[in-house]
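One-letter residues, chain by chain:
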Amino acid sequence: MKREVDFSRLILFDGGMGTMLQTHGLKPGELPESYNLLHPEIIERIHREYLAAGSDIITTNTFGANRYKLNQYGYNVEEIVSSAVQIARQAAKDKLVALDIGPSGQLMQPYGTLSFEDAYKAFAEQVIAGAKAGADLILIETMSDVYEAKAAILAAQENSDLPVIATMTFQSDGRTLTGTDPLTMVNIIQGLGVKALGVNCSLGPKEILPVIEEILAYSKVPVMAQPNAGLPKVVQGKTVFDVGPEAFAQYAKMMAQKGVTILGGCCGTNPSHIKAIKKELAGLEPVKREIKRVTAVSSFADTVIIGNGVTIIGERINPTGKKHLKEALRRADTDYILHEAIKQRDAGAHILDVNVGLPEIDEEAVMVDIIKEIQSIVSLPLQIDSARPDVIESAARIYNGKPLINSVSGKQKDMEQLFPIVKKYGAAAVCLTLDEDGIPAKAEERLKIAAKIVQTAEQYGIDKEDLIIDCLVLTASAQQSQVKETIKAVALVQEKLGVKTTLGVSNVSFGLPERGLLNRTFLAAALAAGLNAPILNPLDEDMAGTVQAFNVLWGHDKDAAYYIATYGGRNKELAPSFGPAEPAEMDLDKIIINGIREQAPSKTKELLQKLPPLAIVDQYLIPALDIVGRKYEQGEIFLPQLIQSAETVKKAFGVIKHHLVENQGASTDMVKGKILLATVRGDIHDIGKNIVKILLENYGFEVIDLGKDVPEEDIVRQVKENKIALVGLSALMTTTVRSMENTIRALKDEGLPCKVMVGGAVLNDDYAQMIGADYYGRDAREAVKIAQEFFA
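Keep in mind that this is a model prediction, so the values were computed, not measured. (Residues numbered from 1 in each chain as written. Predicted model: local features only at pLDDT ≥ 70, side-chain atom pairs only at ≥ 80, totals over all residues. Heavy atoms only, no water.)

**Q** So what's going on with the overall build of the protein? Residues and values would help.
**A** Along the protein, the regular secondary structure elements total 30 helices and 25 strands. For 792 residues, the compact-globule estimate of 2.2 N^0.38 gives 28 Å, and the protein sits close to it at 28 Å. Once the C-alpha set of the protein is aligned to its principal axes, its extents read approximately 85 × 75 × 50 Å. Put simply, the protein has 792 residues, and 60% of those count as buried. Contacts spanning at least 24 positions in sequence make up 75% of the contacts within the protein whose residues lie at least 6 apart. Surface summary for the protein: the accessible area is close to 31000 Å², and the carbon and sulfur share equals 49%. (Helix = DSSP H or I, 4+ residues; strand = E, 2+ residues; numbered from the N terminus. Rg over C-alpha atoms; globule rule 2.2 N^0.38 Å. Buried < 20%, exposed > 50% of the residue type's maximum accessible area, 1.4 Å probe, protein only. Contact = heavy atoms within 4.5 Å. Areas by Shrake-Rupley, 256 points an atom, 1.4 Å probe, with all protein chains shown as cover.)

Below you can see the structure in the form of structure tokens.
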């Protein structure tokens, strides 16, 4: 019997499974999911306790039930997931059962080894097994990478007909580990067709309120909140959380009054917390929210809201009329294209158009590769531009964000082919005011086509906020009378339909002299008529200047700050960098800052002809990494770019080390200190540790990595044998922080003269001190600073 989820009412989920398993005897190092087979009576008892406390929906004990984790313990996905659903189903009776899917524990490409396709396959295994066993819905939770969340959501949508809820975990800076802010999360995930979205784990209920408030402001679907029970502490040798049931329930009520409709708990919560929430929610009804409906596209870290000032769509990654780009595409010269992306970003573009349509290349394969490369180094949203629906779909599928698709015309066949793609992947679309009869001469006729497009899109479940109308620019040389009609159409579309607009501005001047003069004059007229997102060359200073002047005159550039920075010379940090039209060769430091890995070896070899190896390290590598580190700390770049730059340095270091060995034998001059890293006993999550390792090695430290689930005695032995002065310990789960404390105690009991730094999602500075650590590394960058100061 299929049980439906009523998302129109307040829904109460359960609390922490790991917390409860610990109270029922789960030991460090034991796989929580193994209890489905070894101790099913304990799992059923936990479910029943939550149901008795008032849970409407219970989640299966399958948080880590993916192939990457289970294979290490000799279990397979189907047996663990099926048993978990069956146990929950037996306990639930007429209540609902959510298949719980947590992160894979792997880093996604390009900064890790897990491809989007492999992540999808792993999640699909869980979905298929859970749906077959009788789950009522799917909860994808505790995601820190929106790209991984996208893979999981698609796996759920394509391999079952169950409703999907997706929640992510945020850090104290209001972003996920990989740099996604709440608005960006909402913009990407709600478009993928989830029934609800929100936040779980992360922090305590008080600390997570600002994140929840931003999600509530933009989410068109119900919002879920499952925070931790505050922050962890060690009391009499046990990990406890500092927010009790009554206080937790008060925060839950506050969230419900703000508009959250799905509530529950994560780490540190138990049936007492759920019972207290149930009591506080008695008599409450769902709050009707005022939702900000915006036209927006996103990368993994940045969202561009179209309509907040002029949005520049950079046109230069399009081979039409570009000889050098055509040659680069034929040669598969990715570096040339990456330089184009970087130059447009630095010149002030907000979105980058990507078109690789040459008949002599495999457009689909090249488009996918180029999208992956650009999104790995530039955090601007991308516009996927192709005449082929198969190319658009392949690119939209692997894009890490909410793309802009260019384009859908008013032709019935076009809409039938492309709107399903726009809907499935949660994209926005550029829509052309042409149909089977071509481009109308009059503005009113273009408006009619635009209205038909909006109406048809709605039939596919696509909101008009996800449409950007292109009223089409014709050449003044051949169709002079229609130039004014385009401007008029822009104003009509804005007035009558309330949708945003775009134009390919430079088309207007084709075939005439002094094209730049015509282009910028037409641009000014179009902007005054309401044009939101011109497609233009951001390296053209005159065009960029017209946009900047318009933003001042129309009040978009507050206090003319950006304009003054560009033309008044007062703040070069804000000013755009125009540079040459063709990408210039970059120095090694710029290559590192921009994370262009494949260029690092050749540039390093070139420098070795002029400079000693250590001079390259001191003058290029370390200063560049320091700049990247500062940008990361200031929120200008995020973890993926930080790792890309570190990997770029690694390539350069490799060349330098090879040179040293060949010319003077092995050298230890570059080694600044030896550090031992390990994920503690019982914890198989090593993403954070691996990131720390990458950065430490690229700052010149020798790292001995013992891996994950490392017993205390192994760490002690390795510290002795390798004469380690600084140890780094990692733990992600609350169930394994005790192992971290035991490891620190074991090192001290042996009288070893080493210091210990600790890190992990469940830790903070106070907690680190409680368990006896010497240093707390909030993130990888902080770990590097600790090591630098320690070995200074």
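**Q** Any details on the packing of aromatic side chains? Residues and values, ideally.
**A** If you walk through the whole model with that rule in mind, you get seven aromatic pairs. Ring centres of phenylalanine 550 and tryptophan 554 lie 4.4 Å apart, and the angle between their planes is 25°; on these two criteria the pair is classed as stacked. Following the ring pairs from residue to residue traces out a cluster consisting of Phe701, Tyr775, Phe790 and Phe791. When the ring centre of tyrosine 120 is taken as reference, the NZ or CZ atom of arginine 397 above it lies at 5.0 Å. Here the guanidinium or amino end of lysine 657 rests over the ring plane of phenylalanine 653, the centre of that ring lying 5.6 Å away. (Phe/Tyr/Trp six-rings, centres within 6.5 Å; stacked < 30°, edge-to-face > 60°. Lys NZ or Arg CZ within 6 Å of the ring centre and 35° of its normal.)

**Q** Explain the sheet that holds strand β5 (residues 164-168) residue by residue, including any values.
**A** Strand order in the open sheet formed by eight strands is β1-β10-β7-β6-β5-β4-β3-β2, with parallel pairing between adjacent strands. Looking along the sheet, the strands with just one partner apiece sit at the ends: β1 (11-12) and β2 (57-59). Here two bridges tie strand β7 (residues 223-227) to strand β10 (residues 262-263), and the two strands are oriented parallel to one another. Opposite alanine 225, over in β10, you have leucine 263 as the bridge partner. (Pairing = 2+ DSSP bridges.)

**Q** Tell me about the sheet that holds strand β25 (residues 775-776), and name the residues and values.
**A** Sheet architecture is open: five strands sit in the order β22-β21-β23-β24-β25, paired in parallel fashion. The open sheet has two edge strands with one neighbour each: β22 (702-705) and β25. Relative to strand β23 (residues 726-730), strand β21 (residues 674-679) runs parallel, the two being bridged by five bridges. Opposite alanine 678, over in β23, you have leucine 729 as the bridge partner. Helix α26 (residues 687-698) contacts β21, β22, β23 and β24 (755-759) of the sheet and is inclined by roughly 170° relative to β21. (Axes fitted to C-alpha atoms, helices over the stretch in contact; angles between N-to-C directions.)

**Q** Now, about the pairing of strand β6 (residues 196-201): what can you tell me, with residues and values included?
**A** Summarising burial for β6: six of the six residues are buried, a large majority. Across four bridges, the pairing between β5 and β6 is parallel. From the neighbouring strand, isoleucine 165 faces β6, where its bridge partner is alanine 196. With helix α8 (residues 182-189) bridging β5 and the parallel β6, this β-α-β connection has right-handed handedness. Of the crossover connections in this fold, the one passing from β6 over helix α9 (residues 209-218) to the parallel β7 is right-handed. (Right-handed = clockwise from strand over helix to strand, strands pointing away.)

**Q** Any chance you could break down the packing of helix α3 (residues 40-53) against helix α11 (residues 271-281) for me, citing the residues and the numbers?
**A** Running from N to C, α3 and α11 point in directions that differ by 20°, and their axes come no closer than 8 Å. Considering the angle they form, α3 stands roughly parallel to α11. Seen from above, α3 lies across α11 with right-handed handedness. Contacts between α3 and α11 pair Glu49, Tyr50 and Ala53 from the former with Pro271, Ile274, Lys275 and Lys278 from the latter. (Parallel < 35°, antiparallel > 145°, perpendicular 65-115°, else oblique. Left-handed = near helix turned anticlockwise from the far one by under 90°.)

**Q** Which residues make up the nonpolar core, and what values go with them?
**A** Generally speaking, soluble globular proteins have nonpolar side chains that are buried together. Ile140, Ile189, Ile374 and Leu696 are the most contacted members of the largest nonpolar core, which totals 225 residues. It is helix α25 (residues 639-664) that provides the largest number of residues to this core, a total of 10 residues. Excluding anything up to four places from it in sequence, isoleucine 140 contacts Ile101, Ala152, Ile153, Ala156, Val164, Ile165, Ala166 and Thr167. Listed in part, the 28 residues of the second largest apolar core include Leu676, Ile724, Leu752 and Cys754. (Core = buried A, V, L, I, M, F, W, Y, C linked by side-chain atoms within 4.5 Å.)

**Q** Tell me about unusual backbone geometry, residues and numbers included.
**A** Residue proline 110 follows glutamine 109 across a cis peptide bond; omega there is 10°. In this structure, proline 110 sits in the loop between β3 (96-101) and α6 (116-133). The residue after asparagine 406, namely serine 407, is reached through a cis peptide bond having omega 15°. Of note, glutamate 514 is a non-glycine position whose phi angle comes to about 50°, a positive value. Checked against the element boundaries, glutamate 514 lands in the loop between β19 (500-504) and α19 (515-529). Residue class for glutamate 514 comes out exposed when judged on its relative accessible area of 61%. In this model, lysine 723 sits at a positive phi of 50°, which is unusual for a non-glycine residue. Along the chain, lysine 723 turns up in the loop between α27 (712-722) and β23.

**Q** Run through the pairing of β22, naming residues and quoting values.
**A** Relative to β22, β21 is paired through four bridges, and the arrangement is parallel. Considered in β22, the bridge of lysine 674 is made with glutamate 702. Crossover β21 to β22 through α26 is right-handed.

**Q** Describe the side chain of arginine 289, naming the residues involved and giving the relevant values.
**A** In this structure, arginine 289 sits in the loop between α11 and β11 (295-298). Nearest to the buried, unbridged arginine 289 among oppositely charged side chains is glutamate 290, at 10 Å. Polar contacts involving the side chain of arginine 289 include one to the main-chain carbonyl oxygen of serine 219, which spans 2.8 Å. Polar contacts involving the side chain of arginine 289 include one to the main-chain carbonyl oxygen of valine 221, which spans 3.1 Å. The residues contacting arginine 289, other than those within four sequence positions of it, are Leu216, Ser219, Val221, Pro222, Val223, Lys258 and Gly259. (Lys, Arg positive; Asp, Glu negative; His and termini not counted. Salt bridge = Lys/Arg side-chain N within 4 Å of Asp/Glu carboxyl O. Polar contact = N/O pair within 3.5 Å; in protein donor to acceptor, adjacent residues only side chain to side chain.)

**Q** Would you mind going over the pattern of salt bridges in detail, with residue names and values included?
**A** Applying the stated criterion across every chain, the model contains 43 salt bridges. Residue aspartate 705 is joined to lysine 693 by a salt bridge in which the shortest nitrogen-to-oxygen separation is 3.7 Å. Taken together, the positions of aspartate 705 in strand β22 and lysine 693 in helix α26 put the pair 12 residues apart, joining distant regions of the chain. Of the residues examined, aspartate 705 reaches a relative accessible area of 27% and is grouped as partly exposed. Shared partners join several salt bridges into a network, and the residues in it are Lys220, Arg293, Asp463 and Glu465.

**Q** I'd like a rundown of the packing of helix α13 (residues 334-346) against helix α14 (residues 363-377), residues and numbers included.
**A** Between two packed helices, the angle of one axis relative to the other and the distance separating the axes together describe the packing. For the pair α13 and α14, the least separation of the axes is 10 Å and the interaxial angle reads 45°. Of the possible angle classes, the one that applies to α13 and α14 is oblique. Along this stretch, α13 crosses α14, giving a crossing that reads as right-handed. Counting all contacts with α13, which are made through Thr334, Ile337, Leu338, Ala341, Ile342 and Arg345, the residues of α14 involved are Ile370, Glu373, Ile374 and Ile377.

**Q** So what's going on with the state of the cysteines? Residues and values would help.
**A** Applying the stated rule across the entire model yields zero disulfides. Left unpaired, cysteine 266 is separated from the closest cysteine sulfur, that of cysteine 201, by 4.0 Å. With a relative accessible area of 11%, cysteine 266 lands in the buried category. Summary of cysteine pairing: cysteine 471 is not part of a disulfide, and the nearest cysteine sulfur, belonging to cysteine 431, is at 11 Å. The class for cysteine 471 is buried, based on a relative accessible area of 0%. (Disulfide = S-S within 2.5 Å.)

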